[in-house]
Amino acid sequence: MANSLTWKRENGVLQLEGDLDRDTLLPLWQQREALLNGVGELDLSRLRRVDSSGLALLLHFHHQQQQQEKELNITGASDRLSTLIQLYNLSEIIPIRQAG
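It should be emphasised that the depicted structure is a prediction, and the values quoted were computed from it without experimental measurement.

1. Topic: the overall build of the chain
- What the chain contains, in helices and strands, is 4 helices and 5 strands.
- The globule rule puts the C-alpha radius of gyration for 100 residues at 13 Å, and the 12 Å found for the chain is close to it.
- Along the longest, intermediate and shortest principal axes, the C-alpha atoms of the chain span 35 × 30 × 25 Å.
- About 6,200 Å² of surface is accessible on the chain, with carbon and sulfur atoms providing 44% of the total.

Below, the structure is given as C-alpha cells:
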C-alpha cells in the first residue's frame, strides 16, 4: 500500500493525516498558501510518520506564517516527531506541542 497524505481545514485548523514524507508532500506544498490562509493551528495528531522532508515543510509553514506576522500553533506532535525535532536542534525554532 502506498503512503498517503490527506488534510482538511475547519474552523482555523489544518489537520494532516497519513504520512508526511518526501513521497507525499508535493500536493500539500503546491497548495500551501491557500491552505494556510486563515489557519491558526496545524494539527499533526493523525500523522503516522514524518520524515526529515516533512519536518522541513513544517518548519517552512511556521516560518511563512511568522513572516506574515501570523501565529501558527502546531499541535499533536508524536514522540517520534518530537525526537526528530530535538535531533535537528530545532526545539527553539519550531514550537511543537506533543500529542496527548
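2. Here we look at the side chain of Arg32
- Residue position: Arg32 is located in helix α2 (residues 32–36).
- Buried and without a salt bridge, Arg32 has Glu33 as its closest oppositely charged side chain, separated by 4.5 Å.
- If near-sequence neighbours (up to four positions away) are discounted, Arg32 is found in contact with His60, Phe61 and Gln64.

Rules and cut-offs
Residues numbered from 1 in each chain as written. Predicted model: local features only at pLDDT ≥ 70, side-chain atom pairs only at ≥ 80, totals over all residues. Heavy atoms only, no water. Helix = DSSP H or I, 4+ residues; strand = E, 2+ residues; numbered from the N terminus. Rg over C-alpha atoms; globule rule 2.2 N^0.38 Å. Areas by Shrake-Rupley, 256 points an atom, 1.4 Å probe, with all protein chains shown as cover. Buried < 20%, exposed > 50% of the residue type's maximum accessible area, 1.4 Å probe, protein only. Lys, Arg positive; Asp, Glu negative; His and termini not counted. Salt bridge = Lys/Arg side-chain N within 4 Å of Asp/Glu carboxyl O. Contact = heavy atoms within 4.5 Å.

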